[in-house]
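The primary structure of each chain is shown beneath.
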Amino acid sequence: AQKVTQAQTEISVVEKEDVTLDCVYETRDTTYYLFWYKQPPSGELVFLIRRNSFDEQNEISGRYSWNFQKSTSSFNFTITASQVVDSAVYFCALSDPRGGGSNYKLTFGKGTLLTVNP
Amino acid sequence: ETGVTQTPRHLVMGMTNKKSLKCEQHLGHNAMYWYKQSAKKPLELMFVYSLEERVENNSVPSRFSPECPNSSHLFLHLHTLQPEDSALYLCASSQERGWNPGELFFGEGSRLTVL
């Protein structure tokens, strides 16, 4: 069975601090995708990144960076120089393409509530 | 218009009521989803529709009944709910493209309270 663990329930930082959100996953599949989503107070989840299991290159997008390590089954997310607008719940998710690839199911972690204080 | 629109945003109902949640996507996607988000629990996938056919029913009680009349609209009909069904119900859509799953686009959710 698939599982995603986000051990940090809540994190509170002061603006401009760097913060890392941890994600550890379990799957028996060799092909899978990992995602991060952001849920601001308005409620809708916003897609941040997708990473497939064959691509272990780290990725940077502005202040956001992701560290994918297959050896430790982790896909951590770092926000550099955090801002108040980064305050949200962040979800890590895991999917497995099903036979033929059409339709898939996301397994979400419980989320990490990040609060960035001014 | 926003990509995925859900109505109503808030709903309070008694256990004997019948109500429906509506979702509409304006993104031209071919798959739609219902997720349930309860406090301190992971998001739970309830239903998946691909090309208007239900392809996933994740052991959801029959008091929840989905309907997908076309690729742009998705409903969740609610009947004889329990207080533990109180949650945020999120609709999402995606463009399935074979081996390469697309990202999900979510609506803002319908906050349901069952009294």
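The preceding data block contains the structure.
A. Region of the structure containing the overall build of chain B. Helix and strand counts for chain B come out as zero helices and eleven strands. Shown N-terminal to C-terminal, the secondary structure of chain B runs as helices and strands in the order β-β-β-β-β-β-β-β-β-β-β. In terms of overall size, chain B behaves like a compact globule, its C-alpha atoms giving a radius of gyration of 14 Å where 115 residues would be expected to give roughly 13 Å. On the principal axes, the C-alpha backbone points of chain B span a range of 40 × 30 × 30 Å. Within chain B, the fraction of its 115 residues that count as buried is 47%. Residue pairs at least 24 apart in sequence account for 53% of intrachain contacts in chain B once pairs closer than 6 positions are excluded. Total accessible area on chain B is roughly 5400 Å²; 50% of this is exposed by carbon and sulfur atoms. Computed over 11 positive and 12 negative side-chain charges, the inter-centroid distance for chain B is 9 Å.

B. Seen up close, unusual backbone geometry. That bond from B:Thr7 to B:Pro8 is cis: its omega, -10°, falls within 30 degrees of zero. Mapped onto the secondary structure, B:Pro8 falls in the loop between β1 (4–7) and β2 (10–13). Its identity as a non-glycine residue notwithstanding, A:Lys16 has a phi of 85°, on the positive side. Inspection of the secondary structure assignment puts A:Lys16 in the loop between β2 (10–14) and β3 (19–21). The phi torsion at A:Ala81 lies on the positive side, around 50°, for a residue other than glycine. Here A:Ala81 lies in the loop between β9 (74–79) and β10 (88–97). Since its relative accessible area comes to 31%, A:Ala81 is described here as partly exposed.

C. Molecular detail of the pattern of salt bridges. All names here are of chain A. Using the criterion set out here, one finds seven salt bridges over all chains in the structure. Two residues, Glu59 and Arg51, come together in a salt bridge whose shortest N-O distance is 2.4 Å. We classify Glu59 as partly exposed; its relative accessible area is 32%. For Arg51, a relative accessible area of 5% puts it in the buried group. Through salt bridges with shared partners, one network takes in Arg51, Asp55 and Glu59.

About the thresholds
Here, residues in each chain are numbered from 1, in the same order as that chain's written sequence. Chain labels run from A onward and ligand labels from 1 onward, assigned in the order the entries are written. In keeping with the model being predicted, local features are shown solely for residues with a pLDDT of at least 70 and side-chain atom pairs are shown and tallied solely at 80 or more, while totals for entire chains, interfaces and linings include all residues. The side-chain quantities take in all heavy atoms of the structure and omit both hydrogens and water. Per the convention used, a helix needs a DSSP run of H or I reaching at least four residues, while a strand needs a run of E reaching at least two, with both numbered from the N terminus. Put simply, the radius of gyration uses C-alpha atoms, and a globule should come to 2.2 Å times the residue count raised to 0.38. Exposure categories follow from relative accessible area, calculated using a 1.4 Å probe and restricted to protein chains: below 20% of the type maximum is buried, above 50% is exposed, and the middle band is partly exposed. Contacts between residues were defined by any pair of non-hydrogen atoms, one from each residue, lying within 4.5 Å. Calculation of accessible area relied on Shrake-Rupley with a 1.4 Å probe; when residues are assessed, cover is drawn exclusively from the protein chains displayed. His residues and chain termini do not enter the charge count, which takes Lys and Arg as positive and Asp and Glu as negative. By convention, the point assigned to a charge is CZ for Arg, NZ for Lys, CD for Glu and CG for Asp. Put simply, a salt bridge is a Lys or Arg side-chain nitrogen that is within 4 Å of an Asp or Glu carboxyl oxygen.

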